[in-house]
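# Structural features, examined
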Amino acid sequence: MNRHFKSGFVTIIGRPNVGKSTLMNQIIGQKIAIMSDKPQTTRNRIQTIITTEAGQIIFIDTPGIHKPKHKLGEYMNKAAQNTFGQVDVIMWLVEPNKAIGKGDQFIIEQLKSVKTPVILVINKVDTVSKNDILEVINTYKDAYDFAEIIPASALTGENTETIPDILFKYLEEGPQFFESDMITDQPERQLVAELIREKALHLLQQEIPHGIAVVIDQMKDRQHKAIVDIDATIICEKDSHKGIIIGKQGAMLKKIGTEARKDVEHLLGSKVNMQIWVKIKKNWRDSDFLLKNFGYNK
Ligand code: GDP
Ligand code: MG
Ligand code: K
């Protein structure tokens, strides 16, 4: 390990649809479900972890910050303020609008009371001209003393690869908190996998002697809709087991899916669209790598 390994916590803020999830997916280089824009959680949640030669960055969720209309809003803002003071860097995503809107103005006011460096990412620059980008940069420069201003496109990847290095500039030497191969700590995903496994085992009764594992391939909030799309894979050891799990014309798999979906909807408090596949992996239970992958190494 590098002697000057750095580590720290970064929170990403920004209005819904500004591109937070897209940017995170771009930064870690693969698709995983990360941010839900439901502001209901007041606890900080780890969303994504990146580990490079330079160090480790842990991205955490901040409860929504907005102009409070009621007590709950005030409470959420306090929680957000609290997070701002605890992280090492705040990364704020905005759209390339030439005028700063009321909501963003409010965020600027909140940021004025924190000492944490704020990095502004002007996202979606693919949608505007170079001249417009300069104008937007100047507008924000005048409004707040940002540590950095990064024009980027989470969609095309323009300028996104520079972001980790820029963040490391603001982090200090520190321990590696998580294993290098860990990109997210999402208890929700594990719970969902466990629910599917439980339903499957229950419905299959004793028919699969060596058990199964369940992997959540994707879990994603659908844009503008209260629906979560989930892709899951049931992993078994033998062809014959695969046949049993799928059942006649897919009847068993359908049953597993229906039952699991009900519980998962209850767990997530949202409608769920779930697709389940079945795959064979011989001797998966003997493989350390796979076990780890399936979250069984506790
Ligand atoms: P979030 O709500 O902040 O997490 O936003 P999402 O990442 O879900 O993105 C919202 C929408 O904006 C999606 O349709 C994305 O494809 C789109 N989007 C995100 N980043 C960019 C970008 O850099 N350029 C363009 N043109 N669209 C983007
Ligand atoms: Mg999102
Ligand atoms: K949604």
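Residues numbered from 1 in each chain as written. Chains lettered and ligands numbered in written order. Predicted model: local features only at pLDDT ≥ 70, side-chain atom pairs only at ≥ 80, totals over all residues.

### Some remarks on the nonpolar core
Membership of the largest hydrophobic core comes to 36 residues, with the highest contact counts inside it found for Val10, Ile90, Met91, Trp92 and Val121. At six residues, the largest contribution of residues to this core is made by strand β4 (residues 89-94). If we skip the residues at most four places from it in the chain, Met91 touches Val10, Ile12, Ile119 and Val121. In this structure, Ile196, Ala200, Val228 and Ala260 belong to the second largest nonpolar core, which totals 25 residues. (Core = buried A, V, L, I, M, F, W, Y, C linked by C-beta atoms within 7 Å. Buried ≥ 20, exposed ≤ 12 C-beta atoms within 10 Å, placed from the backbone. Helix = DSSP H or I, 4+ residues; strand = E, 2+ residues; numbered from the N terminus. Contact = placed C-beta atoms within 7 Å.)

### A few points about the pairing of strand β3 (residues 55-60)
With five of six residues buried, β3 is to be regarded as a mostly interior element. Here strand β1 (residues 6-13) pairs with β3 via six bridges, running parallel. Directly across from Gly8, in β3, lies its bridge partner Ile57. (Pairing = 2+ DSSP bridges.)

### Description of the site of ligand 1
Taken together, 18 residues surround ligand 1, and among them Gly19, Lys20, Ser21, Thr22 and Leu155 come closest. Of the residues that constitute the shell around ligand 1, the class distribution is five nonpolar, nine polar and four charged. (Near = placed C-beta within 6 Å. Nonpolar A, V, L, I, M, F, W, Y, C, P; charged D, E, K, R; others polar.)

### Points about the pairing of β4
Most of β4 is tucked away, with six of its six residues classed as buried. Of the two faces of β4, both are covered, the one formed by Val89, Met91 and Leu93 as well as the one formed by Ile90, Trp92 and Val94. Here five bridges tie β4 to strand β5 (residues 118-122), and the two strands are oriented parallel to one another. Bridged to Val94 within β5 is Ile122. At this point the chain moves from β4, through helix α3 (residues 102-111), to the parallel β5, and the crossover so formed is right-handed. (Right-handed = clockwise from strand over helix to strand, strands pointing away.)

### Comments concerning helix α1 (residues 20-28)
With eight of nine residues buried, α1 lies mostly within the body of the structure. All of the buried residues along α1 are Lys20, Ser21, Thr22, Leu23, Met24, Asn25, Gln26 and Ile27.

### Details of the environment of Asp229
Looking at the secondary structure, you find Asp229 in strand β9 (residues 227-236). C-beta crowding within 10 Å serves as the criterion here: with 16 such atoms nearby, Asp229 is assigned to the partly exposed category. Taking C-alpha positions, Asp229 is 5.7 Å from Met219, a pair spaced ten residues apart along the chain. When sequence neighbours within four positions are dropped, the list of residues in contact with Asp229 reads Lys220, Arg222 and Asn273.

### A word on the confidence of the model for the protein chain
The pLDDT averaged across the protein chain works out to 82; a share of 79% of its residues lies at or above 70. Here residues 31-44 scores under 50 on pLDDT; set against residues more than four positions off or in separate chains, the count is 32 contacts. Throughout residues 292-298 the model reports pLDDT below 50, and contacts reaching past four residues in sequence, or to other chains, amount to six contacts. We note a pTM of 0.65 for the whole complex and an ipTM of 0.96 for its interfaces. (pLDDT = per-residue confidence, 0-100.)

### With respect to the environment of Ser7
Mapping Ser7 onto the fold places it in strand β1. Judged by the 21 C-beta atoms lying within 10 Å of it, Ser7 falls in the buried class. As a C-alpha pair, Ser7 and Glu172 span 165 residues in sequence and 6.4 Å in three-dimensional space. Ignoring sequence-local partners within four residues, the contact set of Ser7 consists of Gly55, Gln56, Leu171, Gly174, Pro175, Gln176 and Phe177.

### Points about the sheet that holds strand β10 (residues 271-280)
In space, the three strands of this open sheet follow the order β8-β9-β10, with mixed pairing throughout. In this open sheet, the two edge strands, each paired with only one partner strand, are β8 (213-221) and β10. Neighbour-to-neighbour, the strand axes of this sheet turn through a mean angle of 15°, independent of strand direction. Inspection of the sheet shows β9 paired to β10 by ten bridges, in the parallel sense. The residue bridging Ile227 from the neighbouring strand is Lys271, located in β10. In this fold helix α7 (residues 239-246) packs onto β9 and β10, with an angle of close to 155° to the strand it touches most, β10. Contacts between helix α8 (residues 251-268) and the sheet are confined to β9 and β10, with β10 contributing the most and set at about 135° to the helix. (Axes fitted to C-alpha atoms, helices over the stretch in contact; angles between N-to-C directions.)

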